[in-house]
Amino acid sequence: MRGIAYDRFGGPDVLTLRDDLPEPPVGPDTVLVRVHAAGVNPVDVGIREGNLAGSFPHHFPIVPGWDLAGTVEAAGPAVVDFAPGDEVFGYLRRDDVQWGTAAELVPAPQRCLAHKPESLSFAEAGALPLAGLTAYQALTEALDVGEGDRVLVHRAAGGVGFFAVQIAVALGAHVIGTASPRNHGFLRDAGAAEVLDYSAGPVSGRLSEPVDAVLDLNGGDALADAPEQVRDVARVVSVVDPAVNDLGGRYVFVRPERHDLEELGRMADAGQLRVAIAKAFPLERTAEAHDLVAGGHVRGKVVVTLR
């Protein structure tokens, strides 16, 4: 099988294109997906560098990637919701790290998949799951955002942030995003009512009044300032720094959830959610995709394509 893999932790140079990867196992409740596109996320860089070695068992060689879009190649005998030929997308986080999504064939637990939104290309659908679920679960569960809430989204032009702006708008919120000036128009087009320059000093001093909820995608000074930005610090969520718990807020680590994937798909097909592809790389240039994501200034999402 053809795919990207690495045999040791390290920089992007450890990523190699291989034609000799073993075909993955297909368990009773597993769907084998022929991948068309796989998203590239900051967590992929962290895993490759060994930063999550203490959190998940790792088995080399590791195929990177946690989200995908493709077609069902085969389904285990206990699978009832997917059949060969179905177009699917999903977030494939397991309890260990080995069978990632940057390969021709990927074994996916059926709980990690949903049918691909009709309105999205494979590249767009492959870029949506991890970042989209992160935004959706943070906003709807941890922050309980609803009609009329004023929501502040830090680093709003990135992969998670751009989805968060659109989802919060769809929930009826007044959204304030932080971003560099070059991305202000990009965020207004996504529905942000206000956009602040993140580099112009503490945000708390530039708000007309405290907001109802804060989604931190930056950490550092932005998170340290968060208690001054919000009416109730219990409605501060970070997806990048567990230290938010010490402030009285909540740390969110995204989980696979079919219902939430289906809701993201519904929003996409209803015109409420669009996917901005910053750049698509062919599979053999996955190392370049990792480099771009690691730089931290991507507007939207990066994907690798296989078909």
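Here the structure is a predicted model, which means the values were calculated and not measured.

Draft legend 1. Structural context of the overall build of the protein chain. Along the protein chain, the regular secondary structure elements total 10 helices and 15 strands. Taking 307 residues into account, the globule formula puts the C-alpha radius of gyration at 19 Å, and the protein chain, at 19 Å, falls close to it. With respect to the principal axes defined by its C-alpha atoms, the protein chain has extents near 60 × 40 × 35 Å. Within the protein chain, the fraction of its 307 residues that count as buried is 56%. For the protein chain, long-range pairs separated by at least 24 residues make up 67% of all intrachain contacts whose partners lie at least 6 apart in sequence. Between the mean site of the 26 positive side-chain charges and the mean site of the 42 negative ones, the protein chain shows a separation of 4 Å.

Draft legend 2. Examining the pairing of strand S10 (residues 194–197) more closely. For strand S9 (residues 174–179) and S10, the ladder comprises four bridges, and the chain directions are parallel. Following the sheet pairing, glycine 177 is matched in S10 by valine 195. A crossover connection joins S9 to the parallel S10 through helix H5 (residues 184–189); in handedness this β-α-β unit is right-handed.

Draft legend 3. Focus on the sheet that holds S10. If you trace the six strands from one edge of the open sheet to the other, you get S10-S9-S8-S11-S12-S13, paired in parallel fashion. Since the sheet does not close on itself, it has two edges, and those belong to S10 and strand S13 (250–251), each with one partner. Note that strand S11 (residues 213–216) and strand S12 (residues 236–238) share three bridges and pair parallel. Residue pairing across strands places aspartate 216 opposite serine 238, the latter belonging to S12. Along the sheet face, helix H4 (residues 159–170) touches strand S8 (150–153), S9 and S11 and points at about 165° away from the line of S9.

Draft legend 4. Here's a closer look at the packing of helix H3 (residues 129–142) against helix H9 (residues 258–269). Interaxial distance between H3 and H9 falls to 10 Å at its minimum, and their mutual angle equals 100°. Relative to H9, the element H3 lies roughly perpendicular. Contact residues: H3 offers Pro129, Gly132, Leu133, Tyr136, Gln137 and Glu141, while H9 offers His259, Asp260, Leu261, Glu263 and Leu264. Considering only residue class, the contact of H3 with H9 consists of five nonpolar, three polar and three charged.

Draft legend 5. Structural view of the environment of alanine 142. Inspection of the secondary structure assignment puts alanine 142 in helix H3. Considered as a pair, alanine 142 and alanine 5 are 137 residues apart in the sequence and their alpha carbons are 35 Å apart. Apart from residues no more than four positions distant in its own chain, alanine 142 is found in contact with Gln137, Val237, Arg250 and Val252.

Draft legend 6. Expanded view of the nonpolar core. Ranked by internal contacts, the top residues of the largest apolar core, which has 96 residues, are Leu113, Leu139, Ile167, Leu187 and Leu215. Element by element, the count of residues in this core is highest for H3, at eight residues. Here isoleucine 167 is in contact with Gly132, Ala135, Tyr136, Leu139, Leu264, Met267 and Leu273, once residues within four sequence places are set aside.

Draft legend 7. Here's a closer look at helix H10 (residues 286–294). Of all the positions in H10, only Thr286, Ala289, His290 and Val293 are classed as buried. Seen end-on, H10 carries its buried residues on one side only, within an arc spanning 100°. Looking at the buried positions of H10, the neighbouring elements they touch are strand S1 (3–5), strand S3 (30–40), helix H1 (42–48), strand S14 (277–282) and strand S15 (301–305). Immediately beyond the C-terminal end of H10, within one or two residues, lies glycine 296, with a positive phi of roughly 80°.

Draft legend 8. A look at H4. Over its 12 residues, H4 extends 17 Å from the first C-alpha to the last, a length consistent with the 16 Å expected when each residue adds 1.5 Å. Counting buried residues in H4 gives 10 out of 12 residues, a clear majority hidden from the surface.

Criteria and thresholds
Residues numbered from 1 in each chain as written. Predicted model: local features only at pLDDT ≥ 70, side-chain atom pairs only at ≥ 80, totals over all residues. Heavy atoms only, no water. Helix = DSSP H or I, 4+ residues; strand = E, 2+ residues; numbered from the N terminus. Rg over C-alpha atoms; globule rule 2.2 N^0.38 Å. Buried < 20%, exposed > 50% of the residue type's maximum accessible area, 1.4 Å probe, protein only. Contact = heavy atoms within 4.5 Å. Lys, Arg positive; Asp, Glu negative; His and termini not counted. Charge placed at Lys NZ, Arg CZ, Asp CG, Glu CD. Pairing = 2+ DSSP bridges. Right-handed = clockwise from strand over helix to strand, strands pointing away. Axes fitted to C-alpha atoms, helices over the stretch in contact; angles between N-to-C directions. Parallel < 35°, antiparallel > 145°, perpendicular 65-115°, else oblique. Nonpolar A, V, L, I, M, F, W, Y, C, P; charged D, E, K, R; others polar. Core = buried A, V, L, I, M, F, W, Y, C linked by side-chain atoms within 4.5 Å. Arc of directions from axis to C-beta. Expected span 1.5 Å × (residues − 1).

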